[in-house]
Amino acid sequence: MNTLPSQPLSSIENASRYGGVAEAYDGERVDFSKKRASSIEALTNSVLESYGAATQNAPESAASLYENASLQSMFEREPTRLEIIISMTKKLNLVRDEAAIPKDRVAEIKQSI
Amino acid sequence: MNALVKKALELLVGDDSQTDLFKVPNKSSKNRPLKTLSERELINLESAIGAKIFGTPPKGHRREFFNLDERTWIWYEEWKEHGKDMSTTIRYELHDKGVFKVQEGARYSYIEGEELEHFILAVRMYYEQVMRKIYRIDPATGQKLV
């Protein structure tokens, strides 16, 4: 059976605010200083955990988001004309490096030019 | 070459190959069988195609246009003026942000407008014709032409 608080609620509220010791309305003594510390600690831990998760994940997320966006835009957009001629020039050099054209084909090539 | 002049050229032009810049390279370092064309010979053949891309040069002019390496294209033109040999050489460098033009006299700039349009068109025509006529490769598919 509940009993009426032995102290006015204002005292309990006061104690909880200023870390004092007060007797709860059911007669149990509650150390609000510990309770508050505990809850602040819990809150802090919770905040730190969230913050930690956020700080650990954020850069990675941001980086991967950025990377994905870049890749996405690269795949989605048409290559520019500059990119096309750079690619052509690279290809041409590869082909030239690997070419094994017999010298006796020169006359034929010159004729075709 | 005087070290200072060389250094100045490096600073202005960006590399120390300025003196050899406008010559067709003799890249004989690659081991090629003697019976096949050297890289220099291939570039000479390519240049014969490149020279015609811009139409017939004015009478008395000789023109070369060729690709030197993965990033460099060369335009060369020579002619006579009042009995004097004249020539002009332009190096075009492909950069990720544009086509950089280097001329004698340490003049350089990114090309734009009509010149850029002509350059891009010239490279595409060069690529297509050289791949077909010299290397017998379909420029679109990269497959060998039969």
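Thresholds applied
Residues numbered from 1 in each chain as written. Chains lettered and ligands numbered in written order. Predicted model: local features only at pLDDT ≥ 70, side-chain atom pairs only at ≥ 80, totals over all residues. Heavy atoms only, no water. Phe/Tyr/Trp six-rings, centres within 6.5 Å; stacked < 30°, edge-to-face > 60°. Helix = DSSP H or I, 4+ residues; strand = E, 2+ residues; numbered from the N terminus. Buried < 20%, exposed > 50% of the residue type's maximum accessible area, 1.4 Å probe, protein only. Contact = heavy atoms within 4.5 Å. Buried area = accessible area lost by both parts, 1.4 Å probe. Polar contact = N/O pair within 3.5 Å; in protein donor to acceptor, adjacent residues only side chain to side chain. Nonpolar A, V, L, I, M, F, W, Y, C, P; charged D, E, K, R; others polar. Lys, Arg positive; Asp, Glu negative; His and termini not counted. Salt bridge = Lys/Arg side-chain N within 4 Å of Asp/Glu carboxyl O.

### Looking at the packing of aromatic side chains
Residue and element names in this part refer to chain B. All chains considered together, the criterion is met by ten aromatic pairs over all chains. Considering the side-chain rings of Phe54 and Phe65, the 5.1 Å spacing of their centres and the 85 degrees angle between planes classify their relative orientation as edge-to-face. Placement of the pair is Phe54 in the loop between α2 (39-53) and β1 (62-69) and Phe65 in strand β1, with a sequence separation of eleven residues. With a relative accessible area of 32%, Phe54 lands in the partly exposed category. By the ring-pair criterion, three or more aromatic residues cluster together here, those being Phe54, Phe65, Trp73, Trp75, Tyr92, Phe119 and Tyr126.

### Notes on the interface of chain B and chain A
In this assembly, 42 residues from chain B lie in contact with 26 residues from chain A. Summing both sides of the interface, chain B and chain A together bury roughly 3,100 Å²; the carbon and sulfur share of this comes to 64%. Counting every contact that joins chain B to chain A gives nine residue pairs in polar contact (both at pLDDT 80 or more). Contributing elements (two or more residues each) for the side of chain B that touches chain A: α2, β1, β3 (84-95), β4 (98-103) and α3 (113-133) of chain B. Partitioned by chemical class, the residues of the side of chain B that touches chain A number 21 nonpolar, five polar and 16 charged.

### Description of the side chain of Asp138 of chain B
Residue and element names in this part refer to chain B. Along the chain, Asp138 falls in the segment after α3. One buried charged residue, Asp138, forms no salt bridge at all, with the nearest opposite charge on Arg132 at 4.1 Å. Within polar-contact distance, the side chain of Asp138 engages the backbone nitrogen of Ala140 at 2.8 Å. Not counting residues up to four positions away in its chain, the partners in contact with Asp138 are Arg132, Gln143 and Leu145.

### Examining the environment of Leu145 of chain B
Residues and elements named next belong to chain B. Within the secondary structure, Leu145 sits in the segment after α3. Judged by its relative accessible area of 32%, Leu145 falls in the partly exposed class. Each C-alpha atom of the pair Leu145 and Met131 lies 9.7 Å from the other, and the pair is 14 residues apart in sequence. Every residue in contact with Leu145, bar those within four places of it in the chain, is listed here: Arg132, Arg136, Ile137 and Asp138.

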